[in-house]
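# A look at the structure
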Number of protein chains: 2
Amino acid sequence: MSFFPTDVVIREVGLRDGLQSIQRTLSTERKIEWIRDAWSAGQREIEVGSFVPARLLPQLADTAELVAFAKTLPGLLVSVLVPNLKGAERALESGADLLLVPLSASREHSLANLRKTPDEVVAEVARIRAARDAAGAKTLIEGGIGTAFGCTIQGRVEESEVLRCMQALLDAGADRVSIADTVGYACPRAVRELFEKARRIAGERFWCGHFHDTRGLALANVYAALETGVARFDATLAGIGGCPHAPGASGNASSEDLAFMLADMGIETGIDIHALLRLRAKVAHWLEGETLHGALWRAGLPKTFAREAASGALSA
Amino acid sequence: MSFFPTDVVIREVGLRDGLQSIQRTLSTERKIEWIRDAWSAGQREIEVGSFVPARLLPQLADTAELVAFAKTLPGLLVSVLVPNLKGAERALESGADLLLVPLSASREHSLANLRKTPDEVVAEVARIRAARDAAGAKTLIEGGIGTAFGCTIQGRVEESEVLRCMQALLDAGADRVSIADTVGYACPRAVRELFEKARRIAGERFWCGHFHDTRGLALANVYAALETGVARFDATLAGIGGCPHAPGASGNASSEDLAFMLADMGIETGIDIHALLRLRAKVAHWLEGETLHGALWRAGLPKTFAREAASGALSA
């Protein structure tokens with residue numbers, strides 16, 4: 001018999017993984033409104049941006065401002081992505097609660113996107129850990145292992161290589177490790193098998209699953225991951241984001257569809273789905289013309305869906 | 001630890017459940033081409049139409065012709081839907097291999113759509129069974145329990161009522177029973193719980209799961225059902241079909257996405273996914289202007305996806 005977590009966190013990554021793949025730049029005011037509304041809707045972990053050079057991702061150049069605002073919201077865990085030590089130093093300065101360092105388990109993808117081998121990223125994580133400790137900061141360091149189910153460049157990525165990277169990240173001082181299906185190659189059976197092994201290696205330090213809906217399997221993959229006891233998932237409002245190698249393909253798991261699935265399964269997320277759908281409508285208006293995803297916004301909540309579940313009132 | 005079936009049948013119901021909810025009428029020639037191509041792609045169970053009065057569903061008025069054609073294809077199990085004894089008599093005459101009688105576990109939905117209570121449908125199944133036996137026909141009788149996870153009219157449908165209907169259908173002489181989430185209310189946890197109980201009641205006579213993707217959960221629901229050992233699912237090419245109560249909402253599970261998920265999980269379906277995608281493109285052209293669904297056609301198969309798996313060559 002499977003075990004389902006009683007509580008699950010949906011980490012909103014739309015402001016980073018979503019907006020970075022959209023040409024349009026959302027103003028800092030709107031991003032702040034998004035963060036505030038997401039927090040009001042009950043979201044308690046948000047990745048607000050990325051500390052990468054502004055010339056590479058001008059859409060995310062206001063990350064420090066967003067961290068400063070997000071830190072004013074009680075109970076919010078504020079995450080940022082950092083590609084290297086330099087970004088980590090900016091993140092530590094900003095006061096973010098968690099910095100995520102992406103590592104690509106596909107060597108070819110890693111070289112093409114990060115210009116480092118996986119082991120060089122591990123070495124960078126060790127330097128980031130040293131910097132964090134030297135600063136006396138409490139910022140959590142998360143190593144996020146991407147292309148964990150294969151990649152569009154290299155193709156196959158061995159499970160053993162993903163698990164080796166995970167152990168190496170932990171040994172280098174990562175407080176948390178995560179697994180991402182960067183290009184939407186995962187199927188639920190592979191998720192279940194890999195996540196079970198990852199849990200055995202990292203225990204509670206195995207932090208988060210990140211699925212793309214490129215081939216329609218994001219929610220099935222979340223379900224398979226839930227059965228291994230993993231209780232935190234990245235998602236983006238309206239499923240924004242995407243895969244540069246599959247134009248027009250769906251992006252991330254949609255936050256509102258995921259929140260609905262979990263609530264319908266009797267799993268607490270603390271999220272008021274009505275409020276989240278209102279925020280979705282607002283963001284969809286801001287992003288008019290962009291490809292958005294998700295099914296719930298169109299179909300609406302089932303008649304049987306408990307008001308209390310939708311409003312997050314069951315949560316502690 | 002879960003048990004996954006090694007082989008799964010995808011029953012194509014696009015010609016019935018799909019086309020009945022589309023205004024446009026596809027010509028008999030095109031439907032025959034669809035059936036032939038689906039068979040060529042490896043599909044071995046197809047619901048080709050419905051024996052309902054032509055004034056109600058003119059799109060499906062050519063069902064007898066389609067059965068006659070489909071019966072010429074070796075190894076194909078030809079299904080039709082029948083609402084009552086009169087339809088069943090036409091189905092028996094046509095030579096269909098299986099006739100599916102829909103029953104709605106929601107009393108209100110049943111009265112509104114079938115003008116019968118669930119128990120009156122059970123009584124009709126007993127009459128259909130008597131007619132089948134009197135005719136000495138080998139036609140299988142399947143009782144399909146719809147609105148099994150709730151309904152847009154009545155709201156909640158008790159699990160106990162679904163299971164009571166299932167037992168009553170078996171007692172009335174149904175050879176097979178199935179469960180359908182007619183309006184897309186199911187979540188994977190509910191599927192798993194209900195399907196486990198249904199399997200305990202009906203054993204191998206529990207035949208098929210039918211999921212709509214109204215809220216994006218069709219494939220997650222299939223995955224949950226697979227874990228209970230159920231090995232047959234209805235689906236429609238391009239996910240056509242829909243819910244009249246949720247305009248614009250997704251229809252059925254998409255055959256091609258489902259075929260991909262199963263193949264990726266190492267489960268045999270006998271389907272050549274490349275051929276199925278070519279058929280999808282053809283049907284999409286015929287149905288230009290209609291709302292189609294599915295993700296795989298846009299994203300393409302992963303680079304890692306085995307050619308043999310995609311071509312159904314692993315199948316016996």
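Bear in mind the structure is a predicted one, so any value in this text is a computation, not a measurement.

## With respect to the overall build of chain A
For chain A, the helix and strand inventory stands at 13 helices and eight strands. Taking 316 residues into account, the globule formula puts the C-alpha radius of gyration at 20 Å, and chain A, at 18 Å, falls close to it. Put simply, of all contacts in chain A between residues at least 6 apart along the chain, 75% involve residues at least 24 apart. Accessible surface for chain A amounts to roughly 11,500 Å². Of this, 50% is attributable to carbon and sulfur atoms. Computed over 35 positive and 39 negative side-chain charges, the inter-centroid distance for chain A is 1 Å.

## With respect to the environment of B:E45
All names here are of chain B. In this structure, E45 sits in strand β2 (residues 45-50). In the structure, E45 is positioned 54 residues away from L99 in sequence and 12 Å away in space, judged by C-alpha atoms. Other than its neighbours up to four places away in sequence, E45 contacts V9, I10, R11, E12, L76, L77, W207 and R232. A distance of 3.0 Å separates a polar atom in the side chain of E45 from a polar atom in the side chain of R232.

## Focus on the relation of the copies chain B and chain A
For these two chains of identical sequence, chain B goes onto chain A by a turn of 180° and a shift of 0.0 Å along the axis, with RMSD 0.0 Å. The relationship between the two copies is best expressed as a two-fold rotation axis. Relative to the rotation axis, the C-alpha of B:A220 is the closest in chain B, positioned 1.9 Å from it. Residue by residue, 100% of the interface of chain B is reproduced at the interface of chain A, so both copies engage with the same surface.

## Concerning the interface of chain B and chain A
Listed per partner, the contact involves 44 residues of chain B and 44 residues of chain A. In total, chain B and chain A occlude about 3,400 Å² of area from one another, counting both sides; carbon and sulfur atoms represent 62% of this. The largest share of the area that chain B buries against chain A comes from B:R189, B:R215 and B:Y223, three residues that together contribute 19% of it. At the surface where chain B touches chain A, the tally comes to two salt bridges.

## Considering the packing of helix α2 (residues 28-40) of chain A against helix α11 (residues 273-286) of chain A
Residue and element names in this part refer to chain A. Viewed as axis vectors pointing N to C, α2 and α11 meet at an angle of 165°, and their least axial separation amounts to 10 Å. What the angle tells us is that α2 and α11 run roughly antiparallel. In terms of crossing hand, the pair formed by α2 and α11 is left-handed. Listed contacts from α11 to R30, E33, W34, D37 and A38 of α2 are L279, K282, V283 and W286. Residues that form the contact of α2 with α11 fall into these classes: five nonpolar, no polar and four charged.

## Regarding the packing of aromatic side chains
Residues and elements named next belong to chain A. Considering all chains together, one arrives at ten aromatic pairs over all chains under this definition. With a centroid separation of 5.0 Å and an interplanar angle of 70°, the aromatic rings of F195 and F206 are classed as edge-to-face. Note that F195 is positioned in helix α8 (residues 188-202) and F206 in strand β7 (residues 206-211), a separation of eleven residues in sequence. Residue classification places F206 among the buried positions, given a relative accessible area of 4%.

## With respect to the pattern of salt bridges
Per the counting criterion, the structure on display carries 52 salt bridges over all chains. Across the pair A:D17 and A:R16 runs a salt bridge, and its minimum N-O distance is 3.8 Å. Accessibility assignment for this pair places A:D17 and A:R16 in one class, buried. What you see here is one network of salt bridges that share partners, running through A:R192, A:E196, A:E227, B:R192, B:E196 and B:E227.

## Let's talk about helix α8 (residues 188-202) of chain B
End to end, α8(B) covers 20 Å across 15 residues, agreeing with the expected 21 Å (1.5 Å per residue, within 8%). If you check which residues of α8(B) are buried, you get B:P188, B:V191, B:R192, B:L194, B:F195, B:A198 and B:A202. Looking at the buried positions of α8(B), the neighbouring elements they touch are α9 (218-226) and α10 (255-264) of chain A together with α7 (159-171), β6 (176-181), β7 (206-211) and α9 (218-226) of chain B. Trailing α8(B) by a residue or two, B:G203 shows a phi angle of about 55°, which is positive.

## Focus: helix α10 (residues 255-264) of chain B
Each full turn of the α-helix corresponds to 3.6 residues, which orients residues three or four apart in the same direction. Residues and elements named next belong to chain B. Taking burial as the measure, the ten residues of α10 include nine buried ones, the bulk of the element. Among all positions of α10, only S255, E256, D257, L258, A259, F260, M261, L262 and A263 are buried. A positive phi of about 80° marks G266, the residue just after α10.

## Side note on the pairing of strand β5 (residues 140-146) of chain B
Consecutive side chains along a regular strand alternate between the two faces of the sheet. Residues and elements named next belong to chain B. Of all seven residues in β5, seven are buried; the element is thus mostly enclosed. On β5, burial covers both faces: L140, E142, G144 and G146 on one face and I141, G143 and I145 on the other are all buried. Here strand β4 (residues 98-104) runs beside β5; their pairing, made up of seven bridges, is parallel. Following the sheet pairing, V101 is matched in β5 by G143. Sheet topology note: the β5/β6 ladder contains four bridges and is parallel. Pairing of G144 across the sheet is with S178, part of β6. Taken together, β5, α7 and β6 form a β-α-β motif whose crossover is right-handed.

## Examining the state of the cysteines
Using the criterion set out here, one finds zero disulfides over all chains in the structure. The thiol of B:C187 is unpaired, and the distance to the nearest cysteine sulfur, on B:C151, comes to 17 Å.

## Some points on unusual backbone geometry
Residues other than glycine seldom take positive phi values, yet A:A238 does so here, at roughly 60°. Structurally, A:A238 can be placed in the loop between β8 (232-235) and α10.

## Comments concerning the environment of B:G289
Residues and elements named next belong to chain B. Mapped onto the elements of the fold, G289 is located in the loop between α11 (273-286) and α12 (296-299). A residue is classified by how much of its surface remains accessible, and G289, at 77% relative accessible area, is exposed. Measuring from C-alpha to C-alpha, the distance between G289 and R24 comes to 10.0 Å, with 265 residues separating the pair along the chain.

Thresholds applied
Residues numbered from 1 in each chain as written. Chains lettered and ligands numbered in written order. Predicted model: local features only at pLDDT ≥ 70, side-chain atom pairs only at ≥ 80, totals over all residues. Heavy atoms only, no water. Helix = DSSP H or I, 4+ residues; strand = E, 2+ residues; numbered from the N terminus. Rg over C-alpha atoms; globule rule 2.2 N^0.38 Å. Contact = heavy atoms within 4.5 Å. Areas by Shrake-Rupley, 256 points an atom, 1.4 Å probe, with all protein chains shown as cover. Lys, Arg positive; Asp, Glu negative; His and termini not counted. Charge placed at Lys NZ, Arg CZ, Asp CG, Glu CD. Polar contact = N/O pair within 3.5 Å; in protein donor to acceptor, adjacent residues only side chain to side chain. Least-squares fit on C-alpha atoms with pLDDT ≥ 70 in both. Buried area = accessible area lost by both parts, 1.4 Å probe. Salt bridge = Lys/Arg side-chain N within 4 Å of Asp/Glu carboxyl O. Axes fitted to C-alpha atoms, helices over the stretch in contact; angles between N-to-C directions. Parallel < 35°, antiparallel > 145°, perpendicular 65-115°, else oblique. Left-handed = near helix turned anticlockwise from the far one by under 90°. Nonpolar A, V, L, I, M, F, W, Y, C, P; charged D, E, K, R; others polar. Phe/Tyr/Trp six-rings, centres within 6.5 Å; stacked < 30°, edge-to-face > 60°. Buried < 20%, exposed > 50% of the residue type's maximum accessible area, 1.4 Å probe, protein only. Expected span 1.5 Å × (residues − 1). Pairing = 2+ DSSP bridges. Right-handed = clockwise from strand over helix to strand, strands pointing away. Disulfide = S-S within 2.5 Å.

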